[in-house]
Each structure stands twice: as C-alpha cells, then as structure tokens.
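# Architecture at a glance
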Amino acid sequence: MASDGRRARKPLPRGRKAEAAVNDVEIMVAAFNTLTSNPRASMAEIAACADVGVASLYRRYPTRQTLVHQLCLRAMDSIAAAADACVHRLDDQDAEPWPEFLAFLSSALADGAGAMRALAGTFHADAELARAAAQMNAEIGKVLALTQARGAVRADVTAADITQFFEMLRAIRIGDRR
C-alpha cells in the first residue's frame, strides 16, 4: 500500500514487454476460437488467427501441448475466479441468488466453460491441471450450495450437472456448416 492508504500500482510494461502481453492475449483468444472449433488445428492456423508470426507463437509456446495446457489452465482459473466472486456477492444477504447464479453462468461461459471438452485427449493433463480442475469444481460447488440454500436452484442439482450443462451449451452449433 502507498503511504496515503491507496494500493500501489505495478508499473505497466513498455516496449517489447507490452507488445508481448498484447500478443499473448491475442494468441489465447485465437487459440480458444480456433481449437474449440477445430481441435486438430495447426499452430500455423492459430498464429494466423492471432495475427502473429508462427515464430512468435513458438517462442511463447514451444509446443502445441504447451499452448493447449496454458489455454485450459487459464480457462479453469478464470472460471474458479468467477465462481469465487459470485460466492462473495452471495454472502451479502441482500443479493438476489438467481440473478447472481445466472451472472456466474454467463461469466463462466465467456471464460470457456464447457469448451475444453473438445480438446480432451489432445494433450497430457498433469498435476497442475488436476489442481486447477479441483479448485474450479470446488468453487462451482460453493456457488451451487449457496444458491440452493437460498432456494434459487433445486436441491438435486449437482456441480457435475452444471459442468455438463456447460458442455451441452457448447455442443449447440447454430448456423454451423459442418
């Protein structure tokens, strides 16, 4: 904290670091969009979608496995953070549980919930991913328990049901040419 009680801000990256940070966001968005629609897409296709050179992509992610691992890890961490934020909002007894639950579902979908199923079997899931999955599922369970306790969600709905719901929504292809 700064001496006046405000949080000290980290300096923003400049030059190549700033460009790399922007490229990394573009790569993750491109990887998500490309790989969830075509799990066998090449690194060259991902680079083209991200509008970065293939060499830039390989410098950051030396293998496709590394890229997919990071993509899945970031998605699970984001979904867990969205669930945690929902839990904190639900701790306020004035918060309406159903709108908060819907806001969580929407946020989780935006963060990639259900989309990574298409990538199953295309990479090795390690202990780090298992930890992230366990954390994400625990946080989803907390959201569900709070909304159930406040009568907004049926008692027989489980966290596994929520995960399956996300996957079912991702399976819907409106206007898909396939």
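Up top you'll find the structure we're talking about.
Residues numbered from 1 in each chain as written. Predicted model: local features only at pLDDT ≥ 70, side-chain atom pairs only at ≥ 80, totals over all residues. Heavy atoms only, no water.

Our next topic: the overall build of the protein. Across its full length, the protein holds seven helices and zero strands. In the protein, the order of α-helices and β-strands from amino to carboxyl end is α-α-α-α-α-α-α. A separation threshold of at least 6 residues defines the contact pool for the protein, and within that pool the share at least 24 residues apart is 69%. Of the roughly 11,100 Å² of accessible surface on the protein, 55% is carried by carbon and sulfur atoms. (Helix = DSSP H or I, 4+ residues; strand = E, 2+ residues; numbered from the N terminus. Contact = heavy atoms within 4.5 Å. Areas by Shrake-Rupley, 256 points an atom, 1.4 Å probe, with all protein chains shown as cover.)

Estimates place the volume of the largest pocket at around 500 Å³. In this structure, the largest pocket is lined by 23 residues; those nearest its centre are Met-76, Met-116, Arg-117, Met-136 and Glu-167. At the level of secondary structure, the elements contributing two or more residues to the lining of the largest pocket comprise α4 (64-90), α6 (127-149) and α7 (159-171). With six residues, the top contributor of residues to the lining of the largest pocket is α6. Taken together, the residues of the lining of the largest pocket break down into 16 nonpolar, five polar and two charged. (1 Å grid on protein atoms, 1.4 Å probe; cavity = no way out; pocket = protein on both sides within 12 Å on 5 of 7 lines; lining within 4 Å. Points joined across faces, edges and corners; volume = space filled by probe spheres on them. Nonpolar A, V, L, I, M, F, W, Y, C, P; charged D, E, K, R; others polar.)

This brings us to the nonpolar core. Ranked by size, the top nonpolar core spans 47 residues in total, and within it Leu-67 and Phe-104 carry the most contacts. Contributions of two or more residues to this core are made by α1 (15-37), α2 (43-50), α4, α5 (97-110), α6 and α7. By residue number, the principal contributor to this core is α4, which donates 14 residues. If near-sequence neighbours (up to four positions away) are discounted, Phe-104 is found in contact with Ile-79, Ala-82, Ala-83, Cys-86, Ile-140, Val-143 and Phe-166. (Core = buried A, V, L, I, M, F, W, Y, C linked by side-chain atoms within 4.5 Å. Buried < 20%, exposed > 50% of the residue type's maximum accessible area, 1.4 Å probe, protein only.)

What follows is about α6. Here α6 spans 32 Å end to end across 23 residues, near enough to the 33 Å set by a 1.5 Å rise per residue. Residues Leu-129, Ala-132, Met-136, Glu-139, Ile-140, Val-143, Leu-144 and Thr-147 constitute the buried set of α6. On its buried face, α6 sits against α4, α5 and α7. Regarding α6, its N-cap is Asp-126, as a side-chain oxygen of that residue lies 3.2 Å from the backbone nitrogen of Glu-128 further along. Positive backbone phi, at 80°, marks Gly-151, one or two positions downstream of α6. (Expected span 1.5 Å × (residues − 1). Polar contact = N/O pair within 3.5 Å; in protein donor to acceptor, adjacent residues only side chain to side chain.)

As a further point, take the packing of aromatic side chains. If you walk through the whole model with that rule in mind, you get three aromatic pairs. Considering the side-chain rings of Trp-98 and Phe-101, the 5.8 Å spacing of their centres and the 35° angle between planes classify their relative orientation as tilted. With Trp-98 and Phe-101 both in helix α5 and three residues apart, the pair spans about one turn of that helix. On the basis of relative accessible area, Trp-98 is assigned to the partly exposed category, the value being 41%. Both rings, one in Phe-104 and one in Phe-166, keep their centres 6.5 Å apart while their planes meet at 70°; by these two values the pair is edge-to-face. Taken as a pair, Phe-104 in helix α5 and Phe-166 in helix α7 lie far apart in primary sequence, 62 residues in all. Judged by its relative accessible area of 1%, Phe-104 is buried. (Phe/Tyr/Trp six-rings, centres within 6.5 Å; stacked < 30°, edge-to-face > 60°.)

On to a negative patch on the surface. A contiguous patch of negative charge, built from Asp-91, Asp-92, Asp-94 and Glu-96, is present on the exposed surface. Note that Asp-94 resides in the loop between α4 and α5. Note on Asp-94: relative accessible area 67%, which makes it exposed. (Patch = residues over 30% accessible without salt bridge, like charges linked within 9 Å, V, L, I, M, F, W, Y side chains within 5 Å. Salt bridge = Lys/Arg side-chain N within 4 Å of Asp/Glu carboxyl O. Lys, Arg positive; Asp, Glu negative; His and termini not counted. Charge placed at Lys NZ, Arg CZ, Asp CG, Glu CD.)

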